[in-house]
Amino acid sequence: MSESPDRTPLPRTFFDRPVLEVAPDLLGRTLVRRSPEGLMELRLTEVEAYAGAIDPGSHAFRGRTARNAVMFGPPGHAYVYFTYGMWHCLNLVCGPEGEASGVLLRAGEILRGADLARPRRRSARHDRELAKGPARLATALDVALSLNGTDTCAGPDAPLSLLTGTPPSPGRIRSGPRTGVGGDGAPHPWRFWTDEDPTVSPYRPHTPRRHRLDSGRPTA
């Protein structure tokens with residue numbers, strides 16, 4: 001990238017907006033992961049919006065449960081869930097408290113800490129594939145259910161936080177159907193990505209589940 005990313009933390013007001021405003025505005029932002037193993041930073045290049053009660057593709061469409069309770073809480077918190085019996089996915093809660101909505105973080109470029117990600121993502125052929133997809137992103141950053149509910153606006157010592165980064169120009173932002181979402185939520189063009197970025201994951205339409213190990217598709 002030609003310019004140094006802005007390291008100003010994103011305030012809670014950034015997330016306290018409608019999900020379809022927050023989602024594209026997350027592109028180019030820097031996601032910071034702090035752990036005992038070290039510091040990692042990732043530039044977000046692909047996200048998906050999920051609009052709660054009005055969105056059949058959302059985990060919160062049918063109301064509050066023990067699993068999705070974080071989505072109903074304050075904006076700026078992390079919603080982490082376990083899917084397909086083997087993967088975690090990381091989302092950011094947005095909108096006013098009590099009205100569940102969230103943004104699934106689908107892909108990004110690891111700017112710092114790639115040496116920590118490589119052992120977790122041994123199947124990646126290049127560094128640009130380390131976080132190319134929501135489960136891969138979570139795996140690369142060592143995100144698990146223990147981070148569910150993390151306040152990303154808690155300060156410089158939080159395990160997850162967001163910095164202003166370098167958003168792409170509006171002309172480089174693309175949108176289209178969300179990956180793997182079927183039914184009434186399939187047509188919504190609520191997947192957003194940075195055009196021609198090599199870290200963006202390939203689009204795949206919804207396919208019916210064929211086994212019982214599937215505990216929820218990568219949605220929020």
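How each quantity is defined
Residues numbered from 1 in each chain as written. Predicted model: local features only at pLDDT ≥ 70, side-chain atom pairs only at ≥ 80, totals over all residues. Heavy atoms only, no water. Phe/Tyr/Trp six-rings, centres within 6.5 Å; stacked < 30°, edge-to-face > 60°. Buried < 20%, exposed > 50% of the residue type's maximum accessible area, 1.4 Å probe, protein only. Lys NZ or Arg CZ within 6 Å of the ring centre and 35° of its normal. Salt bridge = Lys/Arg side-chain N within 4 Å of Asp/Glu carboxyl O. Helix = DSSP H or I, 4+ residues; strand = E, 2+ residues; numbered from the N terminus. Lys, Arg positive; Asp, Glu negative; His and termini not counted. Polar contact = N/O pair within 3.5 Å; in protein donor to acceptor, adjacent residues only side chain to side chain. Contact = heavy atoms within 4.5 Å. Pairing = 2+ DSSP bridges.

Caption draft 1: The packing of aromatic side chains, seen in detail. Applying the stated criterion to the full structure yields two aromatic pairs. Aromatic side chains Phe14 and Phe15 sit 5.1 Å apart centroid to centroid with 80° between the ring planes, which places their arrangement in the edge-to-face category. With respect to class, Phe14 is no different from Phe15; both count as buried. For the ring pair Tyr79 and Tyr81, a centre distance of 5.5 Å and an interplane angle of 40° mean the geometry is tilted. The ring of Trp193 carries the charged tip of Arg191 above its face, separated from the ring centre by 4.2 Å.

Caption draft 2: Molecular detail of the pattern of salt bridges. Summed over the entire model, instances satisfying the criterion amount to 14 salt bridges. The partner of Asp25 in a salt bridge is Arg29, and the shortest N-O contact between them spans 2.7 Å. On the basis of relative accessible area, Asp25 is assigned to the partly exposed category, the value being 24%. The buried category is assigned to Arg29, whose relative accessible area is 9%. Among the ionic pairs, Glu48 bridges to Arg106, the shortest N-O distance being 3.8 Å.

Caption draft 3: Geometry of the side chain of Arg33. For Arg33, the position within the fold is in strand 2 (residues 30-35). Here Arg33 sits buried without a salt bridge, and the closest side chain of opposite charge, Asp142, lies 4.0 Å off (N-O distance). Of note is the side chain of Arg33, whose polar atom sits 3.0 Å from the backbone oxygen of Asp142. Ignoring anything within four residues of it in the chain, the contact list for Arg33 reads Gly38, Leu39, Met40, Leu141, Asp142, Val143, Leu147, Pro159 and Leu160.

Caption draft 4: Representation of the environment of Ala53. Structurally, Ala53 is set in the loop between strand 3 (38-50) and strand 4 (78-83). You can call Ala53 exposed: its relative accessible area is 61%. C-alpha of Ala53 to C-alpha of Ala66: the two residues are 13 residues apart in sequence and 16 Å apart in space. Not counting chain neighbours up to four residues away, the residues in contact with Ala53 comprise Ala60, Phe61 and Ala100.

Caption draft 5: Structural detail: the pairing of strand 2. Summarising burial for strand 2: five of the six residues are buried, a large majority. Across six bridges, the pairing between strand 2 and strand 3 is antiparallel. Bridging from a neighbouring strand, Arg34 pairs with Leu39 of strand 3. Where strand 2 hands over to strand 3, the hairpin turn is made up of two residues, counted between the paired strands. Relative to strand 7 (residues 160-165), strand 2 is paired through four bridges, and the arrangement is antiparallel. Directly across from Leu31, in strand 7, lies its bridge partner Leu162.

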